[in-house]
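Summary of structural features
If you want the building blocks of each chain, they are given just below.
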Amino acid sequence: MNAKRTYLIWLGIAAAVMLLPYGANALFVPREARMFFTILLFFAVGPACAFVGGLWAGKNWRSLWGMPLITCGMYLIGVWCFLDLGNPDFLIYAGMYLAQGLLAMGLSAALHRRWRKKGK
């Protein structure tokens, strides 16, 4: 799979995982339960998406290095649109998601390199 197609697929996945839940949370979840779902998104869904994107990018990290950046960008767009526009506190979460994605990408790249050497 070429890098352009992979980026487009990940852009769709990241948009679906990082934009839609925040919009649905703001529009459809009752006010009493909204904080629970927001915390769930912050501490479970967002990190999982960042980690999976990093693992996927680690297969070909030289051309897919921007996938963790796409994840962070989609997160920022989602929270700034649906929760609080321009709040700089969300930059901390975006930085943590970026670090997590880059860590997963490095781990995946190292494992793929090791598996390729073992197969030769």
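The present account deals with the structure reproduced in this document. (Residues numbered from 1 in each chain as written. Predicted model: local features only at pLDDT ≥ 70, side-chain atom pairs only at ≥ 80, totals over all residues. Heavy atoms only, no water.)

Let us look at the packing of aromatic side chains. Applying the stated criterion across every chain yields a total of nine aromatic pairs. Seen in terms of ring centroids, Trp10 and Trp56 are 5.7 Å apart; in terms of plane orientation they differ by 80°. Their pairing is edge-to-face. In this pair, Trp10 is assigned in helix H1 (residues 3-18) and Trp56 in helix H3 (residues 34-57), connecting sequence segments 46 residues apart. With a centroid separation of 6.1 Å and an interplanar angle of 40°, the aromatic rings of Tyr22 and Phe42 are classed as tilted. Residue Tyr22 is found in helix H2 (residues 20-28), and its partner Phe42 is found in helix H3; the two are separated by 20 residues along the sequence. (Phe/Tyr/Trp six-rings, centres within 6.5 Å; stacked < 30°, edge-to-face > 60°. Helix = DSSP H or I, 4+ residues; strand = E, 2+ residues; numbered from the N terminus.)

Trp10, Phe42, Tyr75 and Tyr97 are the most contacted members of the largest nonpolar core, which has 23 residues in total. Going through the elements one at a time, H1, H3, helix H4 (67-82) and helix H5 (89-119) are the ones with two or more residues in this core. Here the element with the most residues in this core is H4; it accounts for seven residues. Residue contacts for Phe42: discarding those within four places in its chain leaves Tyr22, Pro47, Tyr75, Val79, Leu83, Phe90, Tyr93 and Tyr97. (Core = buried A, V, L, I, M, F, W, Y, C linked by side-chain atoms within 4.5 Å. Buried < 20%, exposed > 50% of the residue type's maximum accessible area, 1.4 Å probe, protein only. Contact = heavy atoms within 4.5 Å.)

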